[in-house]
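# Coordinates in review
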Amino acid sequence: QGQLVESGGGLVQPGGSLRLACVASGNIFSIQAMGWYRQAPGQQRELVASITSAGNANYADSVIGRFTISTDDAQNTVYLQMNDLKPEDTAVYYCNAFLLTLDDAGDYWGQGIQVTVAS
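Here's a quick rundown of the structure. Being a predicted model, the structure only gives us computed values, none of them experimental. (Residues numbered from 1 in each chain as written. Predicted model: local features only at pLDDT ≥ 70, side-chain atom pairs only at ≥ 80, totals over all residues. Heavy atoms only, no water.)

## Some words on the state of the cysteines
A covalent bond between the sulfur atoms of two cysteines is referred to as a disulfide. Scanning the model with the defined rule gives one disulfide in all. Between Cys22 and Cys95 runs a disulfide, and the two sulfur atoms are separated by 2.1 Å. Measuring the twist about the S-S bond at about -80°, one finds the Cys22-Cys95 disulfide to be left-handed. With a gap of 73 residues between them, Cys22 in strand S3 (residues 18–26) and Cys95 in strand S9 (residues 91–101) connect regions that are remote in the sequence. Judged by relative accessible area, Cys22 falls into the buried class, the value being 0%. (Disulfide = S-S within 2.5 Å. Helix = DSSP H or I, 4+ residues; strand = E, 2+ residues; numbered from the N terminus. Buried < 20%, exposed > 50% of the residue type's maximum accessible area, 1.4 Å probe, protein only.)

Below, the structure is given as structure tokens:
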């Protein structure tokens, strides 16, 4: 099986930047896609950005031009560079990946990491 571990969250002022990282580990045969979701208090979890193994990226309208998703395939890592952060970006951010492992295939989720944008 695999697991995902996120890092890089924290408190930042409006207009600031953060970079989230998520490392996939375990008996991974291949990674089909990776992405970031977020969930604010009282709201549903929503897709922020995703990227396929071919490098095709998709973004939520609210983050286009401010967030960039990228991967380091050699390190099984996905990044989310977040610039010009706004208070409405405050949420718990979750890493997601569709992994093919030696045992199974399916969606995996990280434990979530808090991002707070406040002055």
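Picking up where we left off.
## With respect to the side chain of Glu6
Residue position: Glu6 is located in strand S1 (residues 2–7). Within the local environment of Glu6, its side chain forms a polar contact with the backbone nitrogen of Cys95, the two atoms lying 2.7 Å apart. In terms of polar contacts, Glu6 uses its side chain to reach the backbone amide nitrogen of Gly112, at 2.9 Å. When neighbours within four sequence positions are excluded, Glu6 is seen to be in contact with Ala21, Cys22, Trp36, Tyr93, Tyr94, Cys95, Gly110, Gln111, Gly112 and Ile113. (Polar contact = N/O pair within 3.5 Å; in protein donor to acceptor, adjacent residues only side chain to side chain. Contact = heavy atoms within 4.5 Å.)

## Side note on unusual backbone geometry
Generally, phi is negative for residues other than glycine and the peptide bonds are trans, each holding for most cases. Here the phi dihedral of Asn76 falls at roughly 50°; this positive angle occurs in a residue that is not glycine. Following the sequence through the fold, Asn76 ends up in the loop between strand S7 (67–72) and strand S8 (77–82). Phi at Asp84 takes a positive value of approximately 50°, unusual for a residue other than glycine. Take Asp84: it is sitting in the loop between S8 and S9. Classification of Asp84 by relative accessible area gives partly exposed; the value is 42%.

## Concerning the nonpolar core
Of all hydrophobic cores here, the largest spans 31 residues; its most connected members are Trp36, Leu80, Met82 and Tyr93. Counting residues per element, the ones that place at least two in this core are S3, strand S4 (28–39), strand S5 (46–52), S7, S8, S9 and strand S11 (113–117). Among the elements that line this core, the one with the most residues is S9, at five residues. The contacts of Met82, once residues within four sequence positions are left out, are Gly16, Ser17, Leu18, Leu20, Arg66, Phe67, Tyr93 and Val115. (Core = buried A, V, L, I, M, F, W, Y, C linked by side-chain atoms within 4.5 Å.)

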